[in-house]
Amino acid sequence: MTSVPLSQAGTLYVVATPIGHLADLTERARHILATVDIVACEDTRHTSKLLQHLGVRKPLLSVHDHNERDRLQHIKTLLDQGQSIALVSDAGTPLISDPGYVLVQDLRQHHYRVVPIPGVSAIITALSAAGLPTDRFTFEGFLPHKSGAKREKLEAQAQDARTLVYYEAKHRILDTLQMMADVFGEDRLACVARELTKTFETFYHGTLPQILQQLQSDSDQQKGEFVVMVTGNSQPASASDIDSDKLFRLLLAELPPKKAAAIVAELTGQNKKDLYQVALQLKQP
Ligand code: SAM
């Protein structure tokens, strides 16, 4: 027998939780957490604290990046038995740079009921108060950790006219802002949102070097969680502006054929596989 209303039976609720300020949990999220049978969460200790704050006791099931695939069958069995499950992550909206995609994709494919319980996400919270264009933006999540891969990714995004949004960790924030200034140029306007909805919430606004300087001037400003937003390229080079042949040869001198082909394909719209074949020929001694 399930203890929840019949309409909840066999449903997975994807529940957004606060990113700092506990009062940002919605009424609906509170109700769902209080009435489901099981809460599936990234970190059981973290979620126990949230539930304790709500005065709710529920069986917890850990679902994180390393066990999500193994949990699929167990979760489907629970849903088949008529149990209702709330999926939460440590903060914000599950699946947004957080676990849950593998699970939700599988449940959708198998026609289970998946219901979003919307709430906070750091992307939208940051954009809503940044003062940068929001009519078109692209969320890029976390950049690669390795510096070569990171630079390559930024170079591929340098022509994008949309506002670029990234998540970044405190121990990489200075390095990332410096690389962005190198790749995007020193004039691009940007905004960095730190510790959103928390006591030390701060927005840094200006060009990338100006923001970098503000953060470098005080090590306290390098603490916490960050969303980095950069205005898009206002004068993107069109494919016809680029001497793709020259660019390709320059890149090939520095990069493996596959990477050079990927960048030129991104910039010019040419076919990546064709470019790769050309690259292999050009690389031949
Ligand atoms: N699922 C979350 C969401 O909906 O925003 C994101 C989880 S991701 C693992 C964590 C990253 O989100 C942090 O490293 C930071 O870049 C960003 N973030 C989360 N909370 C934040 C906050 N209060 N202030 C600024 N950035 C935050």
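Residues numbered from 1 in each chain as written. Predicted model: local features only at pLDDT ≥ 70, side-chain atom pairs only at ≥ 80, totals over all residues. Heavy atoms only, no water.

A look at the side chain of T231
(1) Moving on: Looking at where T231 falls in the secondary structure, it is placed in the loop between strand 10 (226-230) and helix 9 (244-254).
(2) Moving on: Note on T231: relative accessible area 14%, which makes it buried.
(3) Moving on: Of the polar contacts made by the side chain of T231, one reaches the backbone oxygen of L189; its length is 2.7 Å.
(4) Moving on: Apart from the residues within four sequence positions on either side, T231 is in contact with L132, P133, R162, T163, R188 and L189. (Helix = DSSP H or I, 4+ residues; strand = E, 2+ residues; numbered from the N terminus. Buried < 20%, exposed > 50% of the residue type's maximum accessible area, 1.4 Å probe, protein only. Polar contact = N/O pair within 3.5 Å; in protein donor to acceptor, adjacent residues only side chain to side chain. Contact = heavy atoms within 4.5 Å.)

Section: the pairing of strand 8 (residues 189-194)
(1) Moving on: The element strand 8 is extensively covered by neighbouring structure, given that 5 of its 6 residues are classed as buried.
(2) Moving on: Pairing of strand 8 with strand 9 (residues 202-207) involves 6 bridges; the strand directions are antiparallel. Along strand 9, the bridge assignment pairs A193 with F203. (Pairing = 2+ DSSP bridges.)

Quick notes on helix 1 (residues 27-35)
The periodicity of an α-helix, 3.6 residues per turn, causes residues three or four positions apart to be oriented the same way.
(1) Moving on: Residues A29, I32, L33 and T35 constitute the buried set of helix 1.
(2) Moving on: Along its buried surface, helix 1 packs onto strand 1 (11-15), strand 2 (38-41), helix 2 (44-54), strand 4 (85-88) and strand 5 (113-117).

Details of the packing of helix 10 (residues 257-268) against helix 11 (residues 272-283)
(1) Moving on: The contact between helix 10 and helix 11 brings their axes to 8 Å, and the two run at 135 degrees. As far as their axial angle goes, helix 11 and helix 10 are oblique. By crossing handedness, the relation of helix 10 to helix 11 is classed as right-handed. Facing P257, K258, A261, A262, V264 and A265 of helix 10, the residues of helix 11 in contact are K272, L275, Y276, A279, L280 and K283.
(2) Moving on: Counted by class, the contact of helix 10 with helix 11 contains 9 nonpolar, no polar and 3 charged residues. (Axes fitted to C-alpha atoms, helices over the stretch in contact; angles between N-to-C directions. Parallel < 35°, antiparallel > 145°, perpendicular 65-115°, else oblique. Left-handed = near helix turned anticlockwise from the far one by under 90°. Nonpolar A, V, L, I, M, F, W, Y, C, P; charged D, E, K, R; others polar.)

Section: the nonpolar core
(1) Moving on: Formed by 22 residues in total, the largest nonpolar core has its most connected members in Y166, L177, M180, F184 and V230.
(2) Moving on: Elements supplying a minimum of two residues to this core: strand 7 (163-168), helix 7 (173-184), strand 8, helix 8 (208-216) and strand 10.
(3) Moving on: With 7 residues, helix 7 is the single largest residue contributor to this core.
(4) Moving on: Aside from chain neighbours lying at most four places away, what touches M180 is L143, L154, Y166, G185, L208, V228 and V230.
(5) Moving on: Among the nonpolar cores identified, the runner-up in size contains 18 residues, and L72, I75, I85 and L107 belong to it. (Core = buried A, V, L, I, M, F, W, Y, C linked by side-chain atoms within 4.5 Å.)

Some thoughts on the packing of aromatic side chains
(1) Moving on: Within this structure, the stated rule accounts for 2 aromatic pairs.
(2) Moving on: Note on F139 and Y167: the rings are 4.9 Å apart at their centroids and 65 degrees apart in plane angle, and the pair reads as edge-to-face. Placement of F139 in strand 6 (residues 137-142) and of Y167 in strand 7 is noted, with a sequence separation of 28 residues between them.
(3) Moving on: Residue F139 is classed as partly exposed on the basis of its relative accessible area of 28%.
(4) Moving on: Take Y167: its relative accessible area is 9%, and that puts it in the buried class.
(5) Moving on: Residues F142 and Y167 carry aromatic rings whose centres are separated by 5.8 Å and whose planes lie at 65 degrees to one another, so their mutual orientation is edge-to-face. One end of the pair, F142, is in strand 6; the other, Y167, is in strand 7, and 25 residues separate them in sequence.
(6) Moving on: Through successive ring pairs, a cluster of aromatic residues spans F139, F142 and Y167. (Phe/Tyr/Trp six-rings, centres within 6.5 Å; stacked < 30°, edge-to-face > 60°.)

Let's talk about the packing of helix 6 (residues 147-157) against helix 7
(1) Moving on: Between helix 6 and helix 7, the shortest axis-to-axis distance is 10 Å and the interhelical angle comes to 45 degrees. Considering their axes alone, helix 6 and helix 7 lie oblique with respect to each other. When the axes of helix 6 and helix 7 are compared, the crossing they make is right-handed. Contacts from S147, K150, R151, L154, E155 and Q157 in helix 6 reach D175, T176, M179, M180, D182, V183 and F184 in helix 7.
(2) Moving on: Per-class residue counts for the contact of helix 6 with helix 7 are 5 nonpolar, 3 polar and 5 charged.

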